[in-house]
Amino acid sequence: MTTDIQDTVHAVEAATVMKLLPSRPRLLALGEPTHGEDTLLDLRNELFRQLIEQEGYRTIAIESDCTMGLVVDEYVTSGTGTLDEVMEHGFSHDWGTSAANRELVRWMRAFNDGRPVSDRLRFAGFDGPLEITHAASPCQALTALHGYLSTRVDPELLPCTAETLHRLLGTDDQWTNPAAMMNPAESMGQSAEACQLRLLADDLAALLDVQTPHLIKATSRDDWDRARLYGRSATGLLRYHFWMADTSPARMTRLLGLRDQTMAHNLLALAERGPTLVHAHNSHLQRDESTMRMWNQPLLKWWSAGALVSARLGEEYAFLATALGTIRHQGVDTPQPDTVEGLLYALPEARCIIDAPQLATALGDTLPAPRVSPWFGYSALDPAHLATTDALVFLKDVPRS
């Protein structure tokens, strides 16, 4: 068996990845099993540079707020703002404090300096304006969408005025109340104002769609794309807030699914732009159904963004999962030898890419035992997912960042 496993091992290089795939995908998704480790982000940065040089990739998308990501994209494409400002205001989930993310943004700005617009690198967040504790107010996205349309289409086509929007939206803290995640009664998502806003957001997004030929000619494709992002964010947030107020047992399953649906819609829009490297947690990018235990809830199951996008794009979506040997500073020590991580840990390579379907075949009908992680922040590989994963990136040891 060891010889068979060794035959699946390759160097961590973009060229290797492409050889394992039937064709160059529009979305190449690189997952990670834990957040906050710059070693994993350094590998992502290295792979992105190779994809740029060798395969023509020009966009990277990460698991961060899609609207905040516009700040980063503006900086790397045109130099707007300072690096410090961008790291503070362009990322959610505390990603702006990462040295590896800072280096990525700095390097992208330097790469773009002096290049023609058509050859510049682009940055995107593809998560919704959401955190695990709360969801953002729809105010920014909804007013930006309305503002874009109000100066470019016949005013009589608008479903409401800006003043009506502001009256219905109220203050942001009504929407961002963190108590709403644990207590549906604290959410305003099913109030009369919120329900009216859902209808108005839908009408504004529809108006944007039906006016597409005029709007692209009157502004630019980039401006129209940005307005579409605001439309997706506004309608998605209002839908999410509505179900935050739900009291049924399906509430958390629905919320998890809606978050990944937002991610999927953003990824499909990015796929229209061109080849994109996507980076997020494995659970958001895998083709198999995702699962999670939260608080005292039963096991929650939902379809990830990767599963949704893969169903639409087929071979134009590819998924590379990442698995780890140790994260000793988090109590994740040498894996048991009867797990996939344990088998790979016995290999001499410090890091490698594994042909995942070939490994599944080599292991045969009896899969290794799933690894049990002693730390909640690390999600071990599910051996049953090998066959639906295009490749597996394995790092033997992850030092403290």
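In the block above lies the structure referred to throughout.
Residues numbered from 1 in each chain as written. Predicted model: local features only at pLDDT ≥ 70, side-chain atom pairs only at ≥ 80, totals over all residues. Heavy atoms only, no water.

Caption draft 1: Quick peek at unusual backbone geometry. You will see that His-93, though not glycine, has its phi angle at about 60°, which is positive. Residue position: His-93 is located in the loop between helix 5 (83-89) and helix 6 (99-112). Unusually for a residue other than glycine, Asp-94 sits at a positive phi of about 65°. (Helix = DSSP H or I, 4+ residues; strand = E, 2+ residues; numbered from the N terminus.)

Caption draft 2: Representation of the side chain of His-279. On the secondary structure map, His-279 appears in strand 5 (residues 276-281). Apart from the residues within four sequence positions on either side, His-279 is in contact with Leu-30, Glu-32, Leu-41, Arg-44, Ala-61, Ile-62, Glu-63, Phe-126 and Leu-285. (Contact = heavy atoms within 4.5 Å.)

Caption draft 3: Highlighting the pattern of salt bridges. Applying the stated criterion to the full structure yields 18 salt bridges. Close ionic contact of Arg-122 with Asp-73 constitutes a salt bridge, the shortest N to O distance being 2.8 Å. Here the residue Arg-122 occupies a position in strand 4 (residues 122-127), and Asp-73 occupies one in helix 4 (residues 69-78), the gap between them amounting to 49 residues. Arg-122 sits in the buried class, given a relative accessible area of 17%. For the salt bridge of Asp-127 with Arg-259, the shortest nitrogen-to-oxygen distance reads 2.5 Å. (Salt bridge = Lys/Arg side-chain N within 4 Å of Asp/Glu carboxyl O. Buried < 20%, exposed > 50% of the residue type's maximum accessible area, 1.4 Å probe, protein only.)

Caption draft 4: Looking closely at the nonpolar core. Core analysis: the largest hydrophobic core is formed by 46 residues, its most contacted members being Leu-28, Leu-51, Ile-60, Phe-91, Val-105, Met-108 and Phe-123. Leu-285, Tyr-345, Cys-352 and Ala-360 belong to the second-largest nonpolar core, a separate cluster that totals 37 residues. (Core = buried A, V, L, I, M, F, W, Y, C linked by side-chain atoms within 4.5 Å.)

Caption draft 5: Highlighting helix 6. With 14 residues, helix 6 should cover 20 Å at 1.5 Å per step; its first-to-last C-alpha distance of 20 Å lies within 8% of that length. Among all positions in helix 6, only Ala-100, Asn-101, Leu-104, Val-105, Trp-107, Met-108, Arg-109, Phe-111 and Asn-112 are buried. For helix 6, the capping residue at the N-terminal end is Ser-98, with a side-chain oxygen 3.2 Å from the backbone nitrogen of Ala-100. Just beyond helix 6, the residue with positive phi is Gly-114, at close to 85°. (Expected span 1.5 Å × (residues − 1). Polar contact = N/O pair within 3.5 Å; in protein donor to acceptor, adjacent residues only side chain to side chain.)

Caption draft 6: The sheet that holds strand 10 (residues 391-397), seen in detail. Strand order across the open sheet formed by eight strands is 1-9-10-8-2-5-3-4, with mixed pairing between neighbours. Whereas interior strands pair on both sides, the edge strands pair on one side only; in this sheet they are strand 1 (9-10) and strand 4. Direction of pairing for strand 3 (residues 59-65) relative to strand 5: parallel, over a ladder of four bridges. When the bridges of strand 5 are listed, Thr-59 appears paired with Thr-276. (Pairing = 2+ DSSP bridges.)

Caption draft 7: Structural view of the packing of aromatic side chains. Following the criterion strictly, the structure yields four aromatic pairs and no others. Centroid distance Phe-91 to Phe-123: 5.6 Å. Interplanar angle 70°. Geometry classified as edge-to-face. Here Phe-91, found in the loop between helix 5 and helix 6, pairs with Phe-123, found in strand 4; they are 32 residues apart in sequence, far enough to count as distant. Judged by its relative accessible area of 3%, Phe-123 is buried. Both rings, one in Trp-375 and one in Phe-376, keep their centres 6.1 Å apart while their planes meet at 65°; by these two values the pair is edge-to-face. A relative accessible area of 16% means that Trp-375 is categorised as buried. What makes Phe-376 exposed here is its relative accessible area of 79%. Directly above the aromatic system of Phe-242 lies the positively charged group of Arg-198, at a separation of 4.8 Å from the ring centroid. (Phe/Tyr/Trp six-rings, centres within 6.5 Å; stacked < 30°, edge-to-face > 60°. Lys NZ or Arg CZ within 6 Å of the ring centre and 35° of its normal.)

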